[in-house]
Amino acid sequence: MATSGYQLNFNQDFSSISVLDGNEGFRIFAIEDYDKVEEIFARDSENYSLIERQFNTSLVVLVPADKPNCLLMMNYKKNQRICNCVYATKVISVRLNRQRLIAVLEESIHIHDISNMEELHVIGNLAPNPLGLCTLSYNSDLAFPISNTTGELRIFNSLKLTEGITIEAHKSRLSAMHFTPSGNLLATTSERGTVIRVFCAKNGQRIQEFRRGVKRCVRIASLVFSLNGRFLCVTSNTETVHIFKVDMLAASKAIEEAEEAERMEKLETEETTAEKTVATISDTAVAGTSPSDVNSGWSDYISKAVSTYLLPTQVSDVLAQDRAFATVTLQQPGMRYVCGMTYLGKEMKVLIASEDGFLYIHEFDALRGGICELVAVHDLRGVLDGVVEVNISDNGDKMSPGSSNKEPNGSRNLSTKNCNRSSANAASSSRSTTKSSSSTSTSNKKNCGISRCIIQNPVPEPDNSYSGIVKGPQAANPLTADSAKHRLLCDAIETPIKLFDERQFPPVAIAARD
């Protein structure tokens, strides 16, 4: 969804970030360490409203601003278009993993096989979803809202194309949701933004509840789990970023109970002939109940009655809510910030990208929490003429200005500002040079129903070989076009081999033999 200023978006494992800049195309940056963020691709003079990159592969999904109902698949390393998907209405958001691509329209969701872009299923006749809320896990579990008045959502297995459970997450409408990478936990928040809840995605059990604040309602901009699923990071339009710690014991217990219930359900369906025997055994067990069992039953009843009548539901819920484990203080509240938590090197860092084109990297103490200190600021904007970049040293006393001349598009190292508390103000002052551009998009509300998309195969390249010249122009073969599209997609989603640098594997000097 288009926003004012820059539009920044992390990939699925927070190893890269994509930047959209209105009419100036898009850029992709690789996040290798807190002090090493490099531009790996830049494309100018094209206007896109949406971008998604698949992990660290070459596959990029784009939505042109002049064709909001068109989805463009592209291999950015080869600058090669793979195919187009044309839908009935505007594409609001896109989610993808290694098996599936999800295109979210206002009243329908389209599920594609990412290896050949075949449309496998369409979830239609949904409640209006103007924000395009949707989350996709690594194992292709899909969650989306099904009501525009309450916070009710549904889980769908996009790999098996089977409908899952329905969860009543909040009383008001949903504003954000996110799966853990494993897909076992689901975090949600409503449009009020005061309470964040974590559910077991297998049985819908509420595992934990966090309170972001009680004084005011806010607009949640980003809600993400860390890669290990132990922490939950939340950004809003306020000056504080909250990081909550997930109760892994309660989560693992709920997951085990859900898995045990699934096994018991399978056993019950397979052993339908033993229902009478089970009923007889249960009757004898009730008849032979011991006094200790009766006493334990009375004690459980009394405890439940006390908790019900002496503690109202609202009071017990507030007492059970957890506060933030760690926080980040932003210099400029009111802007849109997207966040991520990943390992850079051997330590976990908090990544926060703002709509003015800056990436902030903070320290994070997974044992004690507390305030996360700012360690680096990266400028993700386009190279500007006449702007002087200042390198700030560790002590903040010595400054070495350097000129920023125009560079050609391609791979370049970004200037990194190593920051402490005193240097955070300098980073905020450098942001004032950015020209904020506002872009608005209008969407025609049409009831798309169950209309399917049209997949346009790539234009075949001319055959300039001797045999091709002898054969002359041939009629288009759909099988050949599908094969070429599949080949291009497989080439784009192939994961590159990671090349380690000298810091991880230092060079070894070998003495020459005489």
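The structure under discussion appears in the preceding block.
Residues numbered from 1 in each chain as written. Predicted model: local features only at pLDDT ≥ 70, side-chain atom pairs only at ≥ 80, totals over all residues. Heavy atoms only, no water.

Peer 1: Got a minute to help me understand the pairing of strand β18 (residues 185-190) in this structure?
Peer 2: Looking along a regular strand, one sees the side chains alternate between the two faces of the sheet. Within β18, six of the six residues are buried, leaving the element largely enclosed by the surrounding structure. By the alternation rule, side chains of β18 split into L185, A187 and T189 and L186, T188 and S190, which are all buried. Alignment of strand β17 (residues 174-179) against β18, held across five bridges, turns out to be antiparallel. Bridging across to β18, L174 finds its partner in S190. Counting the residues between successive antiparallel strands, the hairpin from β17 to β18 contains five residues, one of them, G183, with a positive phi of roughly 85°. As paired strands, β18 and strand β19 (residues 195-200) are joined by five bridges and run antiparallel to one another. (Buried < 20%, exposed > 50% of the residue type's maximum accessible area, 1.4 Å probe, protein only. Helix = DSSP H or I, 4+ residues; strand = E, 2+ residues; numbered from the N terminus. Pairing = 2+ DSSP bridges.)

Peer 1: Is there a simple way to think about the pairing of strand β15 (residues 151-157) in this case?
Peer 2: Among the seven residues of β15, five are classified as buried, and the element is accordingly described as predominantly covered. Bridge count for strand β14 (residues 141-145) against β15 is five bridges, and the pairing is antiparallel. Residue P145 lies in a different strand from β15, and its bridge partner there is L153. What sits between the antiparallel neighbours β14 and β15 is a turn of five residues. Bridging between β15 and strand β16 (residues 162-170) involves six bridges; their strand directions are antiparallel. Note on β16: the bridge partner recorded for N157 is T162.

Peer 1: Even after reading the chapter, I still don't get the sheet that holds strand β21 (residues 220-225), so can you show me in this structure?
Peer 2: Sheets are built from strands that pair by backbone hydrogen bonding, the pairs being arranged parallel or antiparallel. Spatially, β21-β22-β23-β24-β28 is the arrangement adopted by the five strands of the open sheet, whose pairing is mixed. The open sheet is flanked by β21 and β28 (370-371), the only strands paired with a single partner.

Peer 1: Looking at this structure, I do not really get the packing of aromatic side chains. What am I missing?
Peer 2: Two numbers describe a pair of aromatic rings. These are the distance of the centres and the angle of the planes. Inspection of every chain in the model, using the stated rule, returns 10 aromatic pairs. Geometrically, the ring pair formed by F26 and F41 is tilted, given 5.5 Å between the ring centres and 35° between the ring planes. Within this pair, whereas F26 is found in strand β3 (residues 26-33), its partner F41 is found in strand β4 (residues 36-43), the two being separated by 15 residues in sequence. Neither residue differs from the other here; F26 and F41 are each classed as buried. Taken together, a centroid distance of 4.9 Å and an interplanar angle of 80° make the contact between F231 and F364 edge-to-face. (Phe/Tyr/Trp six-rings, centres within 6.5 Å; stacked < 30°, edge-to-face > 60°.)

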